[in-house]
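Descriptive analysis of the structure
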Amino acid sequence: MKKNFLFVFGTRPELIKIFPVYLALKKKRNAKVSVCFTGQHKSLILDIIKEFKIKIDYNLNSLKYCKNLNELISFQTIKLKKVIEKINPNIIIVQGDTVTTFVGAITGFLLKKKIAYIEAGLRTYDKFSPFPEEIFRQNVSRIADFNFCPTIKNKKNLLKENINNKNIYVTGNTIVDAINLIKKKINIKKKINDKYFLVTLHRRELSKTKLMKILDTLNEYSKKYKINCFYILHENPNFKQNVVNFSNSKKNFKLIKPMNYLNFINLASRSEFIFTDSGGISEEGPSLKKKIFIAREKTERPELLSSYYVNLVGTNPKNILRNLIYFQNRKLKKNINFNPVGDGKSARRICNILMEKN
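Now for a quick tour of the structure. Predicted, not measured: the structure shown is a model, and the values here were computed from it. (Residues numbered from 1 in each chain as written. Predicted model: local features only at pLDDT ≥ 70, side-chain atom pairs only at ≥ 80, totals over all residues. Heavy atoms only, no water.)

1. Focus: the overall build of the chain
Across its full length, the chain holds 13 helices and 13 strands. Taking 358 residues into account, the globule formula puts the C-alpha radius of gyration at 21 Å, and the chain, at 20 Å, falls close to it. With respect to the principal axes defined by its C-alpha atoms, the chain has extents near 65 × 45 × 40 Å. The 358 residues of the chain split such that 58% are buried. A separation threshold of at least 6 residues defines the contact pool for the chain, and within that pool the share at least 24 residues apart is 68%. Accessible surface, the chain: about 16,900 Å² in total, of which carbon and sulfur atoms supply 50%. (Helix = DSSP H or I, 4+ residues; strand = E, 2+ residues; numbered from the N terminus. Rg over C-alpha atoms; globule rule 2.2 N^0.38 Å. Buried < 20%, exposed > 50% of the residue type's maximum accessible area, 1.4 Å probe, protein only. Contact = heavy atoms within 4.5 Å. Areas by Shrake-Rupley, 256 points an atom, 1.4 Å probe, with all protein chains shown as cover.)

Right, dumping it as structure tokens:
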């Protein structure tokens, strides 16, 4: 008898970390695999869907009907319940820390379905940093029958919270699997004429005042060392217009529209470094061998700080500038291969556990 799996995802970061497991399960003869996309991101996922032949069975189109987090949770819960009842899966698979992650887990739990949680155990223990992701993560871990942890540290977090040890598996992070698969699809250009660094900022807890001070600091660094700043715009309206206004008079400050993931990996691979408040991008640094500066006060991924490639620099302009100048003067050792998040075999491990366990 075939095992019936349902993947539930809504954003590009979720898809990136789910699709290697999806591909692994699709190869199993005794597995039936369905996918429900809640529609939090649309055009940003099309390249991955196409390149890796991922079939979307259900599209909830959430953003068409929802304007805030409360509406999103309510809408997705009602729609996803109907999907689950129709498919009747043995196991529902979710990833990460979004509304979709939480709704997928809680809705499945209320229908007495088993929940598999990819990337479990990441914590800051500050419910407002990141907000609302920290609370989503904590609750999904309590619901999950399978907590797939990227690292030993994540497992220790769950054990400290009295999560049953038999429900915890250390598998590594599927981001490494994803990047390895994507590298085979793209031609990374080694030679470029202009030096640049990438910037992505989008966190809700980042105030307008902090954002503008950070932009001033990055622009100062950019001019001093003659390195262009490529800022990837985020659709968050709290950020977008402020950044556009700031960039209008800055020759070395270039805005880039949101791009598909394959193009992003190509651009990131050729950059000098990446400045971001994204948890996902901070994980990609070691795999791409690129320096990542995290503009946050806390991280739920402290293991990354053991890598030469990742620095937590906060949002204080003086500290940011000091770290950037230190990096510029010292540069990065190119022969460091240690990757604290995984070895590229995580999807295979997760797949085997899901197929073998009842």
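2. Concerning the nonpolar core
Core analysis: the biggest nonpolar cluster contains 60 residues, and Leu 25 and Leu 354 have the highest contact counts within it. The element that contributes the greatest number of residues to this core is helix 1 (residues 12–26), accounting for eight residues. Not counting residues within four places of it along the chain, the set of residues in contact with Leu 354 comprises Lys 3, Phe 5, Leu 25, Ile 91, Ile 93, Ala 116, Phe 146 and Phe 148. Membership of the second largest hydrophobic core comes to 28 residues, among which are Ile 84, Ile 87, Val 94 and Cys 149. (Core = buried A, V, L, I, M, F, W, Y, C linked by side-chain atoms within 4.5 Å.)

3. Comments concerning the side chain of Thr 11
Mapped onto the secondary structure, Thr 11 falls in the loop between strand 1 (3–9) and helix 1. Of note is the side chain of Thr 11, whose polar atom sits 2.8 Å from the side chain of Glu 14. (Polar contact = N/O pair within 3.5 Å; in protein donor to acceptor, adjacent residues only side chain to side chain.)

4. A look at the pairing of strand 4 (residues 91–95)
Summarising burial for strand 4: five of the five residues are buried, a large majority. The alternating pattern of strand 4 places Ile 91, Ile 93 and Gln 95 and Ile 92 and Val 94 on opposite faces, both of which are buried. Relative to strand 4, strand 1 is paired through three bridges, and the arrangement is parallel. Directly across from Phe 5, in strand 4, lies its bridge partner Ile 91. As judged from the five bridges shared by strand 4 and strand 5 (residues 114–118), these two strands associate in the parallel manner. Each residue of the ladder has a partner; that of Gln 95, found in strand 5, is Ile 118. Traced from strand 4 through helix 4 (residues 99–110) to strand 5, the parallel crossover comes out right-handed. (Pairing = 2+ DSSP bridges. Right-handed = clockwise from strand over helix to strand, strands pointing away.)

5. Notes on the environment of Ile 274
Here Ile 274 is to be found in strand 11 (residues 273–276). In this structure, the C-alpha to C-alpha distance between Ile 274 and Tyr 231, residues 43 residues apart in sequence, is 9.9 Å. Once residues lying within four places of it in the same chain are set aside, the contact partners of Ile 274 are Leu 198, Ala 268, Ile 281, Lys 291, Ile 292 and Phe 293.

6. Some points on unusual backbone geometry
Where the residue is not glycine, phi is negative for most of them; where a peptide bond is considered, it is trans in most cases. Going from Ser 129 to Pro 130, the amide bond is cis rather than trans, its omega being -5 degrees. In this structure, Pro 130 sits in the loop between strand 5 and helix 5 (133–143). Residues Phe 131 and Pro 132 are joined by a peptide bond in cis, for which omega reads 0 degrees. As for its position among the elements, Pro 132 is in the loop between strand 5 and helix 5. Even without being glycine, Lys 53 reaches a positive phi, approximately 50 degrees.

7. Observations regarding the sheet that holds strand 5
Strand pairing in a sheet relies on backbone hydrogen bonds, with the paired strands running either antiparallel or parallel. With parallel pairing, the seven strands of this open sheet are ordered in space as 3-2-1-4-5-6-7. Sheet topology places strand 3 (58–59) and strand 7 (168–170) at the edges, where each strand pairs with a single neighbour. Strands strand 1, strand 2 (31–37), strand 3 and strand 4 of the sheet are contacted by helix 3 (residues 69–87), whose axis makes an angle of about 165 degrees with strand 1. (Axes fitted to C-alpha atoms, helices over the stretch in contact; angles between N-to-C directions.)

8. Description of the layout of surface pockets
What the second largest pocket holds in volume is close to 380 Å³. Contributing to the lining of the second largest pocket are 15 residues, with Pro 20, Ala 24, Lys 27, Ala 347 and Arg 348 lying nearest its centre. Listing elements by their share of the lining of the second largest pocket, those giving two or more residues are helix 1, helix 7 (174–183) and helix 13 (346–356). When its residues are assigned to classes, the lining of the second largest pocket shows six nonpolar, three polar and six charged. (1 Å grid on protein atoms, 1.4 Å probe; cavity = no way out; pocket = protein on both sides within 12 Å on 5 of 7 lines; lining within 4 Å. Points joined across faces, edges and corners; volume = space filled by probe spheres on them. Nonpolar A, V, L, I, M, F, W, Y, C, P; charged D, E, K, R; others polar.)

9. Quick word on the packing of helix 1 against helix 7
Across the interface, helix 1 lies against helix 7 with an axial gap of 8 Å and an inter-helix angle of 80 degrees. Compared by their axis directions, helix 1 and helix 7 come out roughly perpendicular. Contacts between helix 1 and helix 7 pair Ile 16, Lys 17, Phe 19, Pro 20, Val 21 and Leu 23 from the former with Thr 174, Ile 175, Asp 177, Ala 178, Leu 181 and Ile 182 from the latter. (Parallel < 35°, antiparallel > 145°, perpendicular 65-115°, else oblique.)

10. Structural notes on empty space enclosed by the protein
Within the structure shown, the criterion is met by two cavities of 30 Å³ or more. Looking at the largest cavity, its volume works out to about 60 Å³. If you trace the largest cavity, you find it lined by Leu 122, Pro 150, Thr 151, Asn 154, Asn 173, Glu 283, Arg 301, Glu 303, Leu 304 and Val 341. If you add up the space inside the second largest cavity, you get close to 40 Å³. Surrounding the second largest cavity, Lys 17, Gln 95, Ile 118, Glu 119, Phe 148, Thr 171, Gly 172, Asn 173, Thr 174 and Ile 350 form its lining.

11. Re the sheet that holds strand 10 (residues 253–256)
Pairing is parallel across the open sheet formed by six strands, whose spatial order is 10-9-8-11-12-13. Bordering the open sheet on either side are strand 10 and strand 13 (310–312), each of which pairs with just one other strand. Between one strand and the next, the sheet's axes are offset by a mean angle of 20 degrees, whatever the strand orientation. As paired elements, strand 9 (residues 228–232) and strand 10 share four bridges and run parallel to each other.

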